Amino acid sequence: MTDDLIAVTDLEGRSVNERRASSELAMHLLIYRERPDVRAVCHAHPPHGTAFAVAGLPIDQPILSEVILTLGCVPLAEYGTPSTEELTDAMRPLVKHHNALLMANHGAVAYGADLWQVETLEHTAKIAILSRTLGGSRNLSPDAIEKLINVREAAGYLDSGARCQACGYLHETSLACPTGDRPSRSYSSSSNGSGKVSLTRDELVELLSEAARLKDS
Ligand SMILES: [Zn+2]
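Trainee: Please clarify how the packing of helix α1 (residues 25–34) against helix α4 (residues 85–95) should be interpreted in this entry.
Mentor: Any two packed helices are characterised by the angle at which their axes cross and by the distance between the axes. Running from N to C, α1 and α4 cross one another at 25°; their axes reach a closest spacing of 10 Å. In terms of orientation, α1 and α4 fall into the roughly parallel class. Every pair of crossing elements has a handedness; the one defined by α1 and α4 is right-handed. Taking contact as the criterion, the partners of Ala26, Met27, Leu30, Ile31 and Glu34 in α1 are, on α4, Leu87, Thr88, Met91, Arg92 and Val95. By residue class, the composition of the contact of α1 with α4 is 7 nonpolar, 1 polar and 2 charged.

See below:
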């Protein structure tokens, strides 16, 4: 690929050269607007990462130290029709706190200083799948995770905003969200008098983590 093949637009999506931008331009613009620190956005449908997206699973198990250092966990945005606002609306609450997202039944997007984050995402997804075929992966301990998070913040890979990540493993370290705007999604309808209890995903994760801590101690 050469420079002249790249479509260039401004932050409103208006063409700056004669190339036509991808139909997923809105996804790229959303990320650049929400994250002024981001210099590159890569959207793709890599097979292992997309397998997680199709299975309805985030990539959030703390199995590789360098992934915690550079990528953090990768949540799953709900399905939205590609190239429409449905998709960007599903992504918006997650963009600020992550450097990569999966989009349900679609694919992945990774962003940061350069285009290579998406390679890390695919590499992680592939290892996670392979380790499951070998009988399962062993997670890093909460103590090890906290040390890695401290290193990545000192190195500037991810700032403390990423401690608000909506997925599982950070909660096990009992790190509070510093900004209080931790994204959450409701996975069940509210109580309708049938005795059903409604929890957000975060509340459920918190509860399960607490149970795991009690079991370990
Ligand atoms: Zn796509």
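Still more to cover.
Trainee: Would you mind going over the sheet that holds strand β3 (residues 100–103) with me for this structure?
Mentor: The strands making up a sheet associate through hydrogen bonds between their backbones, and the pairing can be parallel or antiparallel. The sheet built from 4 strands is open, its strands ordered β1-β4-β3-β2 with mixed pairing. The open sheet terminates on both sides in strands that have one partner only, identified here as β1 (40–44) and β2 (76–77). Here β1 pairs with strand β4 (residues 107–112) via 5 bridges, running antiparallel. When the bridges of β4 are listed, Ala40 appears paired with Gly112. This element, helix α2 (residues 47–55), spans β2, β3 and β4 of the sheet and lies at about 55° to β3.

Thresholds applied
Residues numbered from 1 in each chain as written. Predicted model: local features only at pLDDT ≥ 70, side-chain atom pairs only at ≥ 80, totals over all residues. Heavy atoms only, no water. Axes fitted to C-alpha atoms, helices over the stretch in contact; angles between N-to-C directions. Helix = DSSP H or I, 4+ residues; strand = E, 2+ residues; numbered from the N terminus. Parallel < 35°, antiparallel > 145°, perpendicular 65-115°, else oblique. Left-handed = near helix turned anticlockwise from the far one by under 90°. Contact = heavy atoms within 4.5 Å. Nonpolar A, V, L, I, M, F, W, Y, C, P; charged D, E, K, R; others polar. Pairing = 2+ DSSP bridges.

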